[in-house]
Amino acid sequence: MANSSNLLIMRLTIILVALVHSLSAKTLNVVTDYGAKADGTLAFQNVRDVLVTGTTSINSQLFHIVIDASQNVRVDRVEIVAPDSSPNTDGIHVEDSTGVTITNSNIGTGDDCISIGKGTQNLWIEGIKCGPGHGISIGSLGKEAVEPGVQNVTVKNVVLTGTQNGLRIKSWARQSTGFVKSILFDGATMNNVKYPIIIDQDYCPDRKNCPGQNSGVKISQVTYSNVRGTSATQVAVLFKCSPSSWCQGIRMANVQLSYRGQPSTASCQNAIGTAGGLMVPQSCLKLSST
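1. Let's talk about the overall build of the chain
Okay, step 1: Helix and strand counts for the chain come out as zero helices and 23 strands.
Okay, step 2: Counting the 290 residues in the chain, one finds 51% classified as buried.
Okay, step 3: Sequence-distant contacts, at least 24 apart, represent 71% of the contacts inside the chain between residues at least 6 apart.
Okay, step 4: In the form shown here, the chain has an accessible surface area of approximately 12,200 Å², with 48% of it arising from carbon and sulfur atoms.

2. Details of the environment of Ser 57
Okay, step 1: Within the secondary structure, Ser 57 is located in strand β5 (residues 56-58).
Okay, step 2: It is 8.9 Å that separates the C-alpha atoms of Ser 57 and Leu 42, two residues lying 15 residues apart in sequence.
Okay, step 3: Of the polar contacts made by the side chain of Ser 57, one reaches the side chain of His 64; its length is 2.6 Å.

3. Digging into the state of the cysteines
Okay, step 1: Throughout the structure, instances matching the rule amount to four disulfides.
Okay, step 2: Covalent S-S linkage joins Cys 241 and Cys 247, the inter-sulfur distance amounting to 2.0 Å. Because the sign of the S-S torsion sets the handedness, a value of about -100 degrees for the bond joining Cys 241 and Cys 247 places this disulfide among the left-handed ones.
Okay, step 3: Judged by relative accessible area, Cys 241 falls into the buried class, the value being 4%.

4. A closer look at the packing of aromatic side chains
Okay, step 1: The full count for this structure, using the stated rule, is three aromatic pairs.
Okay, step 2: Relative to Tyr 203, the ring of Trp 172 lies with its centre 5.5 Å away and its plane at 80 degrees, an arrangement referred to as edge-to-face. In this pair, Trp 172 sits in strand β15 (residues 165-172) while Tyr 203 sits in strand β17 (residues 195-203), placing the two residues 31 residues apart along the sequence. In terms of burial, Trp 172 and Tyr 203 fall into one category: buried.
Okay, step 3: An aromatic cluster of three or more residues is present, and its members are Phe 185, Tyr 224 and Phe 239.

Each value, and the rule that gives it
Residues numbered from 1 in each chain as written. Predicted model: local features only at pLDDT ≥ 70, side-chain atom pairs only at ≥ 80, totals over all residues. Heavy atoms only, no water. Helix = DSSP H or I, 4+ residues; strand = E, 2+ residues; numbered from the N terminus. Buried < 20%, exposed > 50% of the residue type's maximum accessible area, 1.4 Å probe, protein only. Contact = heavy atoms within 4.5 Å. Areas by Shrake-Rupley, 256 points an atom, 1.4 Å probe, with all protein chains shown as cover. Polar contact = N/O pair within 3.5 Å; in protein donor to acceptor, adjacent residues only side chain to side chain. Disulfide = S-S within 2.5 Å. Phe/Tyr/Trp six-rings, centres within 6.5 Å; stacked < 30°, edge-to-face > 60°.

Below, the structure is given as structure tokens:
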């Protein structure tokens, strides 16, 4: 491993065959949304000043790339491919890390194209093509009662095609010290995406063994600007925030999402914010909780 003053350049081509998981690359256990342990096929833990470029990952059994407890990791021009029917095959998962940059990559999986876990700070995502998959997701958060938050995340100039979600924030409905703040989604094209913009604070896959509480994860200062395209459902903007910890400071500007050639709709629960510019659907954000 190079020291912190040097840049480690990894030029890797990883060809994975379904049902085969025997790489020389180190694997790292992470917790999936279903509570099970998952391996990252290519995993970076406690590293800094790393560049991963020109990498191809095909049909990983579980997560393709994991970045954990690391600093200043750049991922550029990677190709990630998995069937849309393959659960927990997240393209790139970032957790407990700072200064990560993900750019100019094509990701198609059976789960999140990019998933952003607890303790992530100063993350930059730009020039991503996502689909199939579950979109670009912050979370799921709130798995633990004591959990570091996510802050200072920028997602710019992304294209999502045929995905289950577009730009998503998700947390479990249980008490937690976790938070999400200072998030910018700027410049996104949606092509037949089921939920182009979604905050779900009652997240529970398959609605099995759900906590049944109110999420304690505090969501604030989230901006959506210049989001355009088509929704696969009439409700293109869905904010389902916690009744005990309302989403605060949501900002929307120049959002244009249609459904089957007609204007889409928005649905808000416990969401406070403002909207400006051309807005389709019409904003449902409240100015206050009263």
